[in-house]
Amino acid sequence: MRLVDSHCHFDRADAAHVTAALERARAAGLVHAVIVGQFQGPGDWGVAQEIAAAHPDFLTPTLGIHPHEAARATEADLEQLERTCARPEIHAVGEAGLDYYYDHSPRDAQARVFRMQCALAKRLGKPLVVHVRDAHDDCEAILREEGVSRGVIHCFTGDTDAARRYLELGFLLSLSGVVTYKKTEALQDAVRFAPLERLMVETDSPYLAPIPYRGKKNEPSYVVETAKKVAELKGVSVEQVAEVTTANAAALFGFTV
């Protein structure tokens, strides 16, 4: 079984433990992971690029401005994002999007920075990694208006209607450990509805550890539990889920496994 974690995070505090975490991931059957780089504040882009460069056979980096930080991004930061995302080693723009649950940035600032990253992904011909929470209508509208059709709705937690709309746009859906939780029937119905050929699995580590690890710090090796749940919901083997979702991730993000 060969799996890909399509969305994970490591921060500065994790840097000393990355090698051990990746060894555990390999032992669990992972062959690759997408490490998501995020704007941390003016002039600060975190450590994802450096970590990926140290593990080029296993980690593929992205870079973006999360909606939580949209209001803090200056014009210089937006210019820096464009320059950096143009580099060949950065395989996608994002995560970018809208978060109306926390509203850490005003919604107009979220929309402005999201639209900028939509345009950037189109201009560079790279996929867009989308974060959306409690904002599906506005997110879909912006994606349609900006003409973005290549990317992923990461940590998808919507219902069947939301899944249908994103799939019609051309996006893939990436499923996190949330799908293993109780009282997520609407999400589980959406997983049954969506074609396996349009799905990926992720951890969003260090957050959202799946059952039976819920409450613990998440890491890429735990993506196996999400794959098992997807297999159960789709009525197929976990090996088939691994094969198809790995191929989907490699095709979208442009890496080989």
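Residues numbered from 1 in each chain as written. Predicted model: local features only at pLDDT ≥ 70, side-chain atom pairs only at ≥ 80, totals over all residues. Heavy atoms only, no water.

## Some remarks on the overall build of the protein chain
No. 1: When its secondary structure is counted, the protein chain shows nine helices and eight strands.
No. 2: For 257 residues, the compact-globule estimate of 2.2 N^0.38 gives 18 Å, and the protein chain sits close to it at 17 Å.
No. 3: Summarising its shape, the C-alpha atoms of the protein chain cover approximately 45 × 40 × 30 Å along the three principal directions.
No. 4: Residues counted as buried form 59% of the 257 residues belonging to the protein chain.
No. 5: Carbon and sulfur atoms form 50% of the exposed surface of the protein chain, whose accessible area is close to 10,700 Å².
No. 6: Charge separation in the protein chain, taken as the distance between the mean sites of 28 positive and 36 negative side-chain charges, equals 2 Å. (Helix = DSSP H or I, 4+ residues; strand = E, 2+ residues; numbered from the N terminus. Rg over C-alpha atoms; globule rule 2.2 N^0.38 Å. Buried < 20%, exposed > 50% of the residue type's maximum accessible area, 1.4 Å probe, protein only. Areas by Shrake-Rupley, 256 points an atom, 1.4 Å probe, with all protein chains shown as cover. Lys, Arg positive; Asp, Glu negative; His and termini not counted. Charge placed at Lys NZ, Arg CZ, Asp CG, Glu CD.)

## Re the pairing of strand S4 (residues 93-99)
In the case of a regular strand, side chains alternate between the two sheet surfaces.
No. 1: Burial runs high along S4: seven of the seven residues are buried.
No. 2: Pairing of S4 with strand S5 (residues 128-133) involves five bridges; the strand directions are parallel. The residue of S5 that forms the bridge with Ala96 is Val130.
No. 3: Once you follow S4 into helix H4 (residues 107-124) and on to S5, the crossover reads as right-handed. (Pairing = 2+ DSSP bridges. Right-handed = clockwise from strand over helix to strand, strands pointing away.)

## Some details on the pairing of strand S2 (residues 30-38)
No. 1: With eight of nine residues buried, S2 lies mostly within the body of the structure.
No. 2: With four bridges joining them, strand S1 (residues 3-8) and S2 adopt parallel strand pairing. Of the residues in S2, the one forming a bridge with Asp5 is Ala33.
No. 3: One crossover worth recording links S1 to the parallel S2 by way of helix H1 (residues 18-28), and it is right-handed.
No. 4: Pairing analysis gives six bridges linking S2 to strand S3 (residues 59-64), with the strands arranged parallel. If you follow Gln38 over to S3, its bridge partner there is Gly64.
No. 5: After leaving S2, the chain enters helix H2 (residues 48-54) and then returns to the sheet as S3, a path that is right-handed.

## Side note on the pattern of salt bridges
No. 1: Summed over the entire model, instances satisfying the criterion amount to 19 salt bridges.
No. 2: The shortest N-O distance in the salt bridge between Asp103 and Arg107 comes to 3.0 Å.
No. 3: Classification of Asp103 as partly exposed rests on a relative accessible area of 32%.
No. 4: Assessed through its relative accessible area of 40%, Arg107 is described here as partly exposed.
No. 5: Members of the salt-bridge network, linked through shared partners, are Asp137, Glu140, Arg144, Asp161, Arg164, Arg165 and Glu168. (Salt bridge = Lys/Arg side-chain N within 4 Å of Asp/Glu carboxyl O.)

## Some remarks on the packing of helix H5 (residues 136-146) against helix H6 (residues 160-169)
Describing two packed helices takes the angle between their axes plus the distance from one axis to the other.
No. 1: It is the contact of H5 with H6, at a shortest axis distance of 11 Å, that shows an interaxial angle of 10°. The angle between the axes of H5 and H6 places the two elements in the roughly parallel class. The residues of H6 that touch H5, namely those facing His136, Asp137, Cys139, Glu140, Leu143 and Arg144, are Ala162, Arg165, Tyr166, Glu168 and Leu169.
No. 2: Taken together, the residues of the contact of H5 with H6 break down into five nonpolar, one polar and five charged. (Axes fitted to C-alpha atoms, helices over the stretch in contact; angles between N-to-C directions. Parallel < 35°, antiparallel > 145°, perpendicular 65-115°, else oblique. Contact = heavy atoms within 4.5 Å. Nonpolar A, V, L, I, M, F, W, Y, C, P; charged D, E, K, R; others polar.)

## Re the side chain of Ser6
No. 1: Looking at where Ser6 falls in the secondary structure, it is placed in strand S1.
No. 2: At a separation of 2.7 Å, a polar atom in the side chain of Ser6 contacts the side chain of Ser174.
No. 3: When sequence neighbours within four positions are dropped, the list of residues in contact with Ser6 reads Val34, Ser174, Met200, Val201, Glu202 and Phe253. (Polar contact = N/O pair within 3.5 Å; in protein donor to acceptor, adjacent residues only side chain to side chain.)

## Some thoughts on unusual backbone geometry
No. 1: The step from Ser205 to Pro206 runs through a cis peptide bond, and the omega angle for that step is 15°.
No. 2: Looking at the element boundaries, Pro206 is found in the loop between strand S8 (199-201) and helix H8 (223-234).
No. 3: In this structure, the amide linkage connecting Ile211 to the following residue, Pro212, adopts the cis form with an omega of 15°.
No. 4: Mapped onto the fold, Pro212 is located in the loop between S8 and H8.
No. 5: For Asp134, which is not a glycine, the phi torsion comes out positive at approximately 55°.
No. 6: The topology assignment puts Asp134 in the loop between S5 and H5.
No. 7: Phi angles above zero are rare outside glycine, and Asp204 is one such case at about 55°.

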